[in-house]
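Inside the fold
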Amino acid sequence: MANAENARQVYDEAVVIDGLNASNWDSPAVFESLHTGGVTTLNATVATWENFQETLGNIAAWLHRFTDYGDLLTQVRTVADILQAKEDGKVGVILGFQNASPIENHLDRLALFHALGVRIIQVTFHEGNLLGSGCYERNDYGLTNFGVDAIREMNRLGILIDLSHVGVRTTMDAIELSGKPVAVTHANAKSYFDVPRNKTDEAVKLLAERGGVVGVTCITSFLRTGSDSTVEDYVDAIDDMVERTGIDHVGIGTDYTQDQPESFWRYINAQQGTSFPLKAILGRTPTTMADQTYYPKGLETPDKLPSLADALMNRGYTSADTTKILGGNFLRLFGEVWEA
C-alpha cells in the first residue's frame, strides 16, 4: 500500500490538469473547491450549444472573473501560464468549447476565438453540426467539407481538437486528418463500458499512436459500477485506458458539474439546446437531472481530487506515472499543439 503522506506529496508537487470541468461558474464555491483541491489547470466549458454572440458574452464574463477572483484564478493561453499558475498557487483556466457552434458558418472566427484565449474546441456536442456528427446522431456521416477545413485551421492556430462527444466515424476522420495530436478530454473506452459517448478501441489506439491523450472520466454513468462507484472504480477505468493506450496517453477528465441548477441539465441534454429532453441520450423522460451520484463516492467535487493520487499509488503506479496521469500527459500535449 502507498504511504498516504507520500501520495499527498506526489499530488502537491504534480501539475494537476482536469481535461474538462463544466461547473457553475457563477458559484464562488466552485473556485474555492478547485483551489482547495490543488487543481493547477482545468479546461473550463465556455460553450455547448451557444451561438457566436452568446459565446462572446460568456467569454466577457470570464474576463471579469479573472479580475474578481484574481487571488484564485488566472487565464491560461500557454504552457508557461500553467507552470506559472502552479508556482503562484492559483487555478489556471483554459477557455474551451464543447461544440464548434460558436463559429457558426464563419471559419475565420476560429482565429478570433484563439485571440481571445480559447485553446480547446470539441468538434461536435451530442448531435450534428456544420463540421460533423455527434455520438447521438442518427447517422454518422463523418467530417463535412467545412469540418475538414476547420480541423486544418485549428491545427494552424494551435487549438487542441477535442473528440469527446463526437460520432465514431467523425472521430476517426478527425484523428486521421489532424496534423497534430488530438484529445478525448472526458470519455472512456466502449469495450470497457458500452455507452454511446465512450470511444472505440480503434479510436483510442490511433489517437495514442499519433500522440494524443484521453482524459478518463469519472462520471458514474460511464463506469461499470454506476451510481455505486468509488474512487477505486474510477481507477479501474484509468487502468483499462492505460492498458489500451500506454501510460503516456492517459489523463483525467472529471466532467465536474458542481453547483449546476436544473436549467443547466435541461439545456445541455436538449436537441440543439432547445428541445428537451433528448431521449436518445437519456433513454427516459427525467423528472430531475441534478444528482450528486454522477460522481464516485470520495470524488464528488474537485477538493476531493487529492485522494486520487493515493488510490493510483495503492494500485501500483509509481510516483512518475501518477504524475503523468494527474496532468503531465496533458501538459506535454498542450505544448505540442499550442506552441509547436
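Residues numbered from 1 in each chain as written. Predicted model: local features only at pLDDT ≥ 70, side-chain atom pairs only at ≥ 80, totals over all residues. Heavy atoms only, no water.

So, the pairing of strand β2 (residues 41-47)
Applicable threshold: A simple rule labels every residue: compare its accessible area, found with a 1.4 Å probe on the protein chains alone, to the largest value its type can have, and call it buried under 20%, exposed over 50%, or partly exposed in between. Here a helix means four or more residues in a row that DSSP labels H or I, a strand means two or more in a row labelled E, and each is numbered from the N terminus. Between any two strands, at least two bridges found by DSSP are needed for them to pair. By convention a crossover is right-handed if, when the strands point away from the viewer, the path from the first strand over the helix to the second runs clockwise.
Among the seven residues of β2, seven are classified as buried, and the element is accordingly described as predominantly covered. Judged from the three bridges that link them, strand β1 (residues 17-21) and β2 form a sheet pairing that is parallel. By the bridge assignment, Ile17 is partnered in β2 with Thr41. Between the parallel elements β1 and β2, the chain passes through helix α2 (residues 28-36) in a crossover that is right-handed. In the sheet, β2 pairs with strand β4 (residues 91-97) via six bridges, with the strands oriented parallel. Within the sheet, the bridge partner assigned to Leu42 lies in β4 and is Val93.

Overview of helix α3 (residues 52-68)
We apply this condition: A helix is expected to reach a length of 1.5 Å times the quantity of its residues less one. In this description, the arc belongs to the directions extending from the helix axis to the C-beta atoms. We call two N or O atoms a polar contact when they sit within 3.5 Å, provided that within protein one can donate a hydrogen and the other can accept it, with sequence-adjacent residues counted only if both atoms are side-chain atoms.
A rise of 1.5 Å per residue sets the reference length of α3, with its 17 residues, at 24 Å; its end C-alpha atoms lie 25 Å apart and thus fit the reference within 8%. Considered for burial, the residues of α3 that qualify are Phe52, Thr55, Ile59, Trp62, Arg65 and Phe66. Around the axis of α3, the buried residues are gathered within 125° of arc, so they sit on the same side. Seen from the buried face of α3, the exposed residues on the opposite side, beyond 90 degrees, are Gln53, His64, Thr67 and Asp68. Between a side-chain oxygen at the N-terminus of α3 and the backbone nitrogen of Gln53 the separation is 3.2 Å; the capping residue is Asn51.

Details of the environment of Lys297
Keep this limit in mind: The contact criterion used is simple: two residues touch if any of their non-hydrogen atoms lie within 4.5 Å.
With respect to the secondary-structure elements, Lys297 resides in the loop between α11 (279-282) and α12 (306-314). For Lys297 and Ser227, which are 70 residues apart along the polypeptide, the C-alpha to C-alpha distance reads 8.7 Å. Setting aside anything within four residues of it in sequence, one finds Lys297 in contact with Ser227, Asp228, Ser229, Thr230 and Val231. A distance of 3.3 Å separates a polar side-chain atom of Lys297 from the backbone oxygen of Ser227.

Regarding the pattern of salt bridges
Spelled out, the test is: Think of a salt bridge as a Lys or Arg side-chain nitrogen and an Asp or Glu carboxyl oxygen that are within 4 Å of each other.
Summed over all chains, the structure comprises 14 salt bridges. For the salt bridge of Asp240 with Arg244, the shortest nitrogen-to-oxygen distance reads 2.7 Å. Of the two residues, Asp240 and Arg244 are both situated in helix α9 (residues 231-245); the distance of four residues between them amounts to about one turn of the helix. Asp240 sits in the buried class, given a relative accessible area of 10%. The shortest N-O distance in the salt bridge between Lys324 and Asp248 comes to 2.6 Å. Pair noted here: Lys324 is in helix α13 (residues 319-338) and Asp248 is in the loop between α9 and β9 (250-252), with a separation of 76 residues, a long-range link.

Some thoughts on the packing of aromatic side chains
Here the distance between the centres and the angle between the planes together describe a pair of aromatic rings. Heads up, the condition is: Ring pairs shown here join Phe, Tyr and Trp side chains whose ring centres sit within 6.5 Å, with only the six-membered ring taken for Trp; geometry is labelled stacked below 30 degrees between planes, edge-to-face above 60, and tilted in between.
Enumeration over the complete set of coordinates arrives at 13 aromatic pairs. Ring centres 4.8 Å apart and planes at 55° place the aromatic pair Phe31 and Tyr69 in the tilted group. With Phe31 in helix α2 and Tyr69 in the loop between α3 and β3 (73-75), this pair connects stretches of sequence that are 38 residues apart. The class for Phe31 is buried, based on a relative accessible area of 1%. Between Trp62 and Phe66 the ring centres are 5.5 Å apart and the planes differ by 35°, which places this aromatic pair in the tilted class. Residue Trp62 and its partner Phe66 are both found in helix α3; the two are separated by four residues, about one turn of the helix.

Structural notes on α12
Listing the buried residues of α12 in full gives Pro306, Leu308, Ala309, Ala311, Leu312 and Met313. Residues of α12 that are buried sit in contact with α1 (4-13), α9, β9 and α13. One or two steps after α12, the chain reaches Gly316, where phi turns positive at roughly 110°.

Let's talk about the state of the cysteines
Test applied: Two cysteine sulfur atoms make up a disulfide if the distance between them is within 2.5 Å.
Counted by the stated rule, this structure contains zero disulfides. As a non-bridged cysteine, Cys135 has Cys218 as the owner of its nearest cysteine sulfur, 18 Å distant.

Focus: the side chain of Arg197
Mapping Arg197 onto the fold places it in the loop between β7 (183-184) and α8 (201-209). On the basis of relative accessible area, Arg197 is assigned to the buried category, the value being 2%. Here His186 takes part through its backbone oxygen, which lies 2.6 Å from a polar atom of the side chain of Arg197. With sequence-adjacent residues up to four places away left out, Arg197 is seen in contact with Cys135, Tyr136, Ser164, His165, His186, Ala187, Lys190, Phe222 and Asp255.

Quick notes on the pairing of strand β8 (residues 213-216)
Because side chains alternate across β8, one face comprises the buried residues Val213 and Gly215, and the other comprises Val214 and Val216, equally buried. Taken together, the two bridges between β7 and β8 define a ladder with parallel strand orientation. Within β8, the residue paired with Ala183 across the bridge is Val213. The handedness of the β7 to β8 crossover, carried by α8, is right-handed. In this sheet, β9 lies alongside β8 in parallel orientation, the contact comprising three bridges. Looking at β9, one finds that Val214 is bridged to Val250.

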